[in-house]
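Analysis of the macromolecular model
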Amino acid sequence: MPRIRVNLYASLRRYGGGSPTVEMDIAPGTTVGQLLDELRIPSGETRILFVNHRAAAPDHTLTGGERVAVFPAIGGG
Amino acid sequence: MSLIYRVNMTDLSVRAESPPAEYAERGGRALTSALLAAEVPPTCHPLAAENKLVIAPGILTGTGAPCSGRLSVGAKSPLTGGIKESNSGGMGALALSALGIQAVVLEGKPRDDTWYRLVVNADGLRIEPADGLAGLGNYDAVARLREEFGEKIVCLGIGPAGEMACAAASVAVTDIEGRPTRHAGRGGMGAVMGSKRVKAMVVDPTGARRPQPADPDRFKAGAKQFQASLNGHPLTSQTLPTYGTNILANVINEAGAYPTRNFRVGQFEGAEAISGERQHDVILKRGGKIEHACHRGCTIRCSRIYHDQNGQFVTKGPEYETIWAHGADCGIDDLDAIAQMDRMDDDLGLDTIEIGATLAVAMEAGVIPFGDAQAALGLLREVQRRTPLGRLVASGAAVLGKAYGVVRIPTVKGQAMPAYDPRAIKGIGVTYATSTMGADHTAGYAVTANVLGVGGRVDPLCPEGQVDLSRNLQIATAAVDAMGLCLFVAFAVLDDEHALPAICQMVSGVHGREFTGDDFLALGKATLAHERRFNAAAGFTAADDRLPGFFHQEPLPPHDAVFDVPDAELDQVFNFVR
Ligand code: SF4
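Residues numbered from 1 in each chain as written. Chains lettered and ligands numbered in written order. Predicted model: local features only at pLDDT ≥ 70, side-chain atom pairs only at ≥ 80, totals over all residues. Heavy atoms only, no water.

Considerations on the overall build of chain A
The condition is simple: Helix and strand labels come from DSSP, where a helix needs a run of H or I of at least four residues and a strand needs a run of E of at least two; each type is numbered from the N terminus. For this analysis, residues touch if any pair of their heavy atoms sits within 4.5 Å. Residue-level accessible areas treat just the shown protein chains as cover; the underlying method is Shrake-Rupley with a 1.4 Å probe. The sign given to each residue is positive for Lys and Arg and negative for Asp and Glu; His and the chain ends receive no count. Taken as the charge location is NZ of Lys, CZ of Arg, CG of Asp or CD of Glu.
Within chain A, the regular secondary structure consists of 1 helix and 5 strands. Mapped in sequence order, the helices and strands of chain A form the string β-β-α-β-β-β. Overall size of chain A, expressed as C-alpha extent along the three principal axes, is 40 × 25 × 20 Å. A sequence separation of at least 24 residues applies to 59% of the contacts in chain A between residues at least 6 apart. As presented, chain A carries roughly 3,500 Å² of accessible surface, and 49% of it is formed by carbon and sulfur atoms. The centroid of the 8 positive side-chain charges in chain A is displaced by 9 Å from the centroid of its 7 negative side-chain charges.

What about the state of the cysteines?
Residue and element names in this part refer to chain B. Put simply, the rule is: The criterion for a disulfide is a pair of cysteine sulfur atoms lying within 2.5 Å. Throughout, exposure labels follow a simple rule: accessible area from a 1.4 Å probe, protein chains only, divided by the maximum for the residue type, with under 20% read as buried, over 50% as exposed, and the rest as partly exposed.
This structure, assessed with the given rule, holds 0 disulfides over all chains. You can see Cys 44 has no disulfide; the closest cysteine sulfur is in Cys 166, sitting 19 Å from it. With relative accessibility at 5%, the residue Cys 44 sits in the buried group. With no disulfide of its own, Cys 67 lies 4.0 Å from the sulfur of Cys 298, the closest cysteine sulfur.

Quick notes on the nonpolar core
What counts, and what does not: Among buried residues, the Ala, Val, Leu, Ile, Met, Phe, Trp, Tyr and Cys ones that are joined through side-chain atoms within 4.5 Å form a nonpolar core.
Formed by 139 residues in total, the largest nonpolar core has its most connected members in B:Leu60, B:Val251, B:Ile252, B:Tyr258, B:Tyr420, B:Leu452 and B:Met483. B:Ile127, B:Leu156, B:Val171 and B:Val202 belong to the second largest nonpolar core, which has 45 residues in total.

A short note on unusual backbone geometry
What is expected of a backbone is that most residues other than glycine have negative phi and most peptide bonds are trans. All names here are of chain B. Here the bond from Gly 317 into Pro 318 is cis, since omega is -15°, no more than 30 degrees from zero. Structurally, Pro 318 can be placed in the loop between strand S15 (313-316) and helix H10 (320-326). In this structure, Arg 301 takes a positive phi of about 60° despite not being glycine. In this fold, Arg 301 is placed in the loop between strand S13 (289-292) and strand S14 (303-307). Phi angles above zero are rare outside glycine, and Lys 413 is one such case at about 55°. Structurally, Lys 413 is set in the loop between strand S16 (411-412) and strand S17 (415-416).

Here's the deal with the packing of aromatic side chains
All names here are of chain B. The following threshold applies: Note on aromatic contacts: the rings of Phe and Tyr and the six-membered ring of Trp form a pair at centre separations within 6.5 Å, being stacked when their planes are under 30 degrees apart, edge-to-face when over 60 apart, and tilted otherwise. For a ring to carry a charge above it, either NZ of a lysine or CZ of an arginine must fall within 6 Å of the ring centroid while also lying within 35 degrees of the normal to the ring plane.
Applying the stated rule across the entire model yields 11 aromatic pairs over all chains. Centre to centre, the rings of Phe 574 and Phe 576 are 5.9 Å apart; their planes meet at 55°, and the pair counts as tilted. An aromatic cluster is built from Tyr 258, Tyr 320, Tyr 420, Tyr 445, Phe 488 and Phe 491, whose rings are joined through pairwise contacts. Directly above the ring of Trp 115 sits Arg 197, whose terminal nitrogen or CZ lies 4.0 Å from the centroid. Positioned above the aromatic ring of Phe 550 is the side chain of Arg 408, whose terminal nitrogen or guanidinium carbon lies 5.8 Å from the ring centre.

Focus: the interface of chain B and chain A
As a reminder, the rule being used: Once two parts are put together, the accessible area they lose, assessed with a 1.4 Å probe and summed over both, is termed the buried area. For salt bridges, the criterion is a side-chain nitrogen of Lys or Arg within 4 Å of an Asp or Glu carboxyl oxygen. Whenever a nitrogen or oxygen atom comes within 3.5 Å of another N or O atom, the pair is scored as a polar contact, on the condition that within protein one atom can donate a hydrogen and the other can accept it, and that pairs from neighbouring residues in sequence are kept only if both atoms are in side chains.
Taken together, the contact between chain B and chain A spans 34 residues of the former and 18 residues of the latter. With both chains or domains summed, chain B and chain A bury close to 2,000 Å², and 56% of this area falls on carbon and sulfur atoms. The largest per-residue losses of area from chain B upon contact with chain A belong to B:Val251, B:Glu254 and B:Glu277, which jointly make up 27% of the total buried on that side. Between chain B and chain A we count 3 salt bridges in total. Here A:Arg67 and B:Glu254 are joined by a salt bridge, their closest N and O atoms 2.7 Å apart. Our count for the contact surface shared by chain B and chain A stands at 14 residue pairs in polar contact (both at pLDDT 80 or more). Those elements that provide at least two residues to the side of chain B that touches chain A are helix H7 (234-243), helix H8 (248-254), H10, helix H17 (447-452) and helix H19 (490-495) of chain B.

Examining the site of the ligand
Heads up, the rule is: A cutoff of 4 Å decides nearness: a residue is near a molecule or strand if any of its heavy atoms lies inside that distance of it. Residue type decides the class: Asp, Glu, Lys and Arg count as charged, Ala, Val, Leu, Ile, Met, Phe, Trp, Tyr, Cys and Pro as nonpolar, and the leftover types, Gly among them, as polar.
Neighbouring the ligand are B:Arg70, B:His292, B:Cys294, B:His295, B:Cys298, B:Ile300, B:Cys302, B:Ser303, B:Cys486 and B:Phe488. Of the residues in the shell around the ligand, the class split is 6 nonpolar, 3 polar and 1 charged.

Quick word on the packing of helix H1 (residues 28-39) of chain B against helix H21 (residues 517-537) of chain B
All names here are of chain B. Basically, it comes down to this: An axis is simply a line fitted to the C-alpha atoms; with a helix, the fit covers only the stretch in contact. Between two such axes, the angle follows the N-to-C directions and lies from 0 to 180 degrees. Crossings are assigned a handedness: left-handed for a near helix turned anticlockwise from the far helix by less than a right angle, right-handed for a clockwise turn.
Here H1 crosses H21 at 35°, and the two axes come no closer than 9 Å. The chirality of how H1 crosses H21 is left-handed. On H21, the residues that touch Arg 29, Ala 30, Ser 33, Ala 34, Leu 36 and Ala 37 of H1 are Leu 523, Thr 527, Leu 528, His 530, Glu 531 and Phe 534.

Describing the environment of B:Asp372
Residue and element names in this part refer to chain B. Structurally, Asp 372 is set in the loop between helix H12 (352-364) and helix H13 (373-385). Sequence separation of Asp 372 and Gly 331 is 41 residues, and the distance between their C-alpha atoms is 7.9 Å. If we ignore the near neighbours within four places in the chain, the residues touching Asp 372 are Ile 332 and Met 363. At a separation of 3.0 Å, a polar atom in the side chain of Asp 372 contacts the main-chain amide nitrogen of Ala 375.

Let's talk about the domain arrangement of chain B
Residues and elements named next belong to chain B. What counts, and what does not: Segmentation of the chain into domains, including their bounds, is taken from an automatic or database domain assignment.
According to the domain assignment, chain B consists of domain 1 (3-203), domain 2 (244-421) and domain 3 (422-495 + 516-578). Using only C-alpha atoms to locate each centre, domain 2 and domain 3 end up separated by 23 Å. If you look at where domain 2 meets domain 3, you find 3 salt bridges. Among the salt bridges present, the one from Asp 545 reaches Lys 413, with a minimum N-O distance of 2.8 Å. Inspection of the domain 2/domain 3 interface yields 18 residue pairs in polar contact (both at pLDDT 80 or more). At the level of secondary structure, the elements contributing two or more residues to the side of domain 2 that touches domain 3 comprise H8, S16 and S17. Ranked by residue count, the leading element in the side of domain 2 that touches domain 3 is H8, at 3 residues. Taken together, the residues that form the side of domain 2 that touches domain 3 break down as 19 nonpolar, 6 polar and 5 charged.

Below is the structure:
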């Protein structure tokens, strides 16, 4: 099964068992949204999703080898 | 608000005047820019007697409106050669507004080289010689003044950089704890204050009575709704208080827009080590503080207090821009070294963004190596010792880069870019290019829709839609800066339709007459129009509204993007100014 690296940030780190990065095996065709469900991250808590450094929607389909990044609402400056 | 103090540093006289009609309902940036446009010759030398330094709280400052204690400091900028409004937190704006002061205007300059201090209290404003203060860093100067005047005072002052009138000099403002950690950093306002030989302004609000809104019920209803909007947004109620501004580091790095080693690449391998998440853990472990407010009445509380390994206070924050400038931009991944540099910048009275960018340009030039934190601290000590190299550092990235023949200098109108690469976040590139302030992220923070998913979404890598995004944000920001509101309320304003009406209701309550959303936008546009016209008269043309050539020519990894918003579109940002 293809492997995916998921980076969790800010308050979402608690869904990675304390680790900022989670490596997961996924079935081909898995969407980012399904990945987040598997990690038990409520959809209301995520605001920014990246796949390979580009903004992605929850229905983005993964093929394996991607780098996924998940953030809650973030701001500052 | 009812008084404007005119402080004439040529003949050392003070005049208190009621604001003329055209300034009566203005505050913050709307006042500083209107006054400068009307009274300062645009072609004057920024350090000459003709320039004026205008210090103004916002329209809502001191009313009890949430997050409304921001201070605007304006002048013709020695860094950009254009008009400037530099915005600061800290207690300065609240203290001035408590005394019923709408603005303090420093005019003229003394004929000799005596240093002065201004003392402002319920009895008025007086000019005194600043015996023993000159030469001190901000921390020691504030300690002396608190010893003499007591702990209730608020200090505004300049450090050695401002005394030398270097173009990256800030005006320091003390925070709730009485430390000089908050700065009107951008654009060399400290140099203008120094040119007028004013080392410090002591504000003692004792005995002052807070100004009351004309229509208290209306004001209160607006403030209640506004607070509800701030409480309801996850950014202003959770992320910013918990992690502070530096929570941006990882997201901007993931977006491939975190300028690294003087804008060579868009990702820093050391990002995690200097991230907001790591900073949060380090602060808590060492007994520092998160959820800290830079001024009383801020309910967002994005500030922090940073301790060293022995649990001793080092500095506030540091903020995202500061950590990036001294960190990724210099290839440095050591949070403690960055905190030390922040402390030195605050003490010397330097703009942290400009200085970090200048250190990176010095690294580009080979003066010191990339990644060498000790060498970077050494360059700050050159400023302290007032050496020729120190003066170059304190004059900013453009000047130092020019002196060393550097081509890759990330400035617009002479001001260094903050922590977002304009090739990978093109909306902020439009703001950098066109802002009346020079490269300034706060002037139109397009990172919101480009990356953060706040206020809609616009693809950061496409040139389309960026000009409209930047224009709308620049207009709204100019109005927010007039209110004295912290720009971070904008996150709630962009996402919650009740927030802007709430602001308008508060202003209606303060003035006792209707202030609408249209009035809000008109105020922003009028302020920008003053600024654009001032800059045009100072000699700026469309050629000044451009990014340096390397942003068009050098593709930025990982997206290999260049800045490609067409010039003709950039020239449409201010299509509302005739
Ligand atoms: S949100 Fe942060 S910067 Fe803004 S006023 Fe509050 S503490 Fe200061």
